[in-house]
Structures are given as structure tokens and as C-alpha cells.
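This is what each chain is made of:
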Amino acid sequence: MFSGEQIAELLDSLRVTHVVTVPDSTIGQWQDAIEERGATRVVRVCREGEAWQVATGLYMGGASPMVMIQCTGLFESGDALRNAVHDWKLPLFAIIGYRSYLNQDTLPGDTCLVFTEPTLTAWKLDWRLISKPEQFPTIAAHWNATREHGTAGVIVVAEGKA
């Protein structure tokens, strides 16, 4: 839905210092452009739970990190997210890819469509769904609102094929 160049430019404008990520389908395609632009450092981790904890350390060290994972990684990383966002009350921000939202051809009946939104709501996250290219400005608006209020936030980007 968005090019790597669009995302890299956006991260620069938001002054994101680090993207903590596990390479995946849609979000993984943005990494080269982010690295080529050079203003935001890409930090790859092995598991999504690590992403929240690495982002926590970066934030506590004065950086402005963003977590980028897929919805399946959200499911895997719940306890780390809970600890950082709810116990420590850190204003971490994430972009989460919503697998199969736009097209289920690759994985018919993908249960990501069943569990992603209820999981975000259960974890009491302030989230916005982006399902059309014209919603791109919502990412910056939500980032800025959460920064202003000192709260965590999530953008969920609809993906086509798994």
C-alpha cells in the first residue's frame, strides 16, 4: 500500500531514530529504503517480544523508537508489550501489518482476521486501521497525538497477501 520511500520520508519527518523490527512481508519491504535514507536506524531482532524490550531500552536512553511487526508477531509478543506499555507506562508506538486483511487468496480463512482487532482492544492499545492509501496522513496524526499525550499508540496497516 505504501512504498519504502514514503515510509522512510515519514519516519524522518517524525524524527523516529530507530525502527525495531522482525523482517516480514509488507513491512520488511520498507527496510531497504529506510536504511538507504539513513536518518532512521533499522534494528532487527529475532522475536517480536524482543522488539518491545529493545524499543523500551532505546526510549529510556533518550531515543525515539518505533516498533514494526506483523500481527502474528503481536500475538507472540503480548507479555513484553504489556510490561513496557502498561506496567512501565512507556509511550511506545508501533506499525503492525494486518496480514490477509485486503486479500485472503494466499491463506484462505486466515485467523489473523479473527484475532488481530480483538487482541489490540484487549491490550487496551490506542490503534488506528489504515486500509486505503489516502489514509497515509493518519500515521503522522496518530504518532503526534500519542507523543503529545505521552501514551502508546499503534497503526495497523492492512496487507494484501500473506
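Note that this is a predicted model, so its numbers are computed, not measured.

Rules of the game
- Residues numbered from 1 in each chain as written.
- Predicted model: local features only at pLDDT ≥ 70, side-chain atom pairs only at ≥ 80, totals over all residues.
- Heavy atoms only, no water.
- Helix = DSSP H or I, 4+ residues; strand = E, 2+ residues; numbered from the N terminus.
- Rg over C-alpha atoms; globule rule 2.2 N^0.38 Å.
- Buried < 20%, exposed > 50% of the residue type's maximum accessible area, 1.4 Å probe, protein only.
- Contact = heavy atoms within 4.5 Å.
- Areas by Shrake-Rupley, 256 points an atom, 1.4 Å probe, with all protein chains shown as cover.
- Pairing = 2+ DSSP bridges.
- Axes fitted to C-alpha atoms, helices over the stretch in contact; angles between N-to-C directions.
- Polar contact = N/O pair within 3.5 Å; in protein donor to acceptor, adjacent residues only side chain to side chain.
- Core = buried A, V, L, I, M, F, W, Y, C linked by side-chain atoms within 4.5 Å.

Asker: Describe the overall build of the chain, with residues and values.
Answerer: Along the chain, the regular secondary structure elements total seven helices and six strands. Listing every helix and strand of the chain by position from the N terminus yields α-β-α-β-α-β-α-α-β-α-β-α-β. Against the compact-globule benchmark of 15 Å for 162 residues, the chain has a radius of gyration of 14 Å, which places it among compact chains. C-alpha extents for the chain along the principal axes are approximately 45 × 35 × 30 Å. Within the chain, the proportion of its 162 residues that are buried is 49%. Considering only contacts within the chain whose residues lie at least 6 apart along the sequence, 74% involve residues at least 24 apart. When the accessible area of the chain is evaluated, it comes to approximately 7,500 Å², of which 51% is carbon and sulfur surface.

Asker: Summarise the sheet that holds strand β5 (residues 127–130); cite the residues concerned and give the values.
Answerer: Whether parallel or antiparallel, the strands of a sheet pair through hydrogen bonds between backbone atoms. Taken together, the six strands give an open sheet; going across it, the order is β2-β1-β3-β4-β6-β5, and neighbouring strands pair in parallel fashion. Each edge of the open sheet carries a strand with a single partner, namely β2 (41–44) and β5. For this sheet, the mean angle separating the axes of adjacent strands, direction not counted, is 20°. Inspection of the sheet shows strand β3 (residues 65–70) paired to strand β4 (residues 93–98) by four bridges, in the parallel sense. Looking at the pairing, I69 lines up with I96 of β4. Each of β4, β5 and β6 (153–158) touches helix α6 (residues 112–122); the most contacted strand, β4, lies at about 160° to it.

Asker: So what's going on with the side chain of D110? Which residues, and what values?
Answerer: Tracing the sequence through the fold places D110 in the loop between β4 and α6. There is a polar contact of 2.6 Å between the side chain of D110 and the side chain of S100. Leave out the neighbours within four places in its chain, and D110 touches R99, S100 and Q104.

Asker: Describe the environment of P133, naming the residues involved and giving the relevant values.
Answerer: As for its position among the elements, P133 is in the loop between β5 and α7 (137–149). Each C-alpha atom, one on P133 and one on A158, is 10.0 Å from the other, the two residues being 25 residues apart in sequence. With residues up to four places along the chain from it excluded, the contact list for P133 reads M1 and F2.

Asker: Would you mind going over the nonpolar core in detail, with residue names and values included?
Answerer: Grouped together as the largest cluster of nonpolar side chains are 28 residues, with contacts concentrated most on V20, W52, V67, I69, I96, L120 and V154. Going through the elements one at a time, α3 (48–60), β3, α4 (71–76), α5 (78–87), β4, α6 and β6 are the ones with two or more residues in this core. With 24 residues, the next largest nonpolar core counts A8, L10, I95 and I130 among its residues.

Read these as layout, nothing more, since geometry by itself doesn't imply function.
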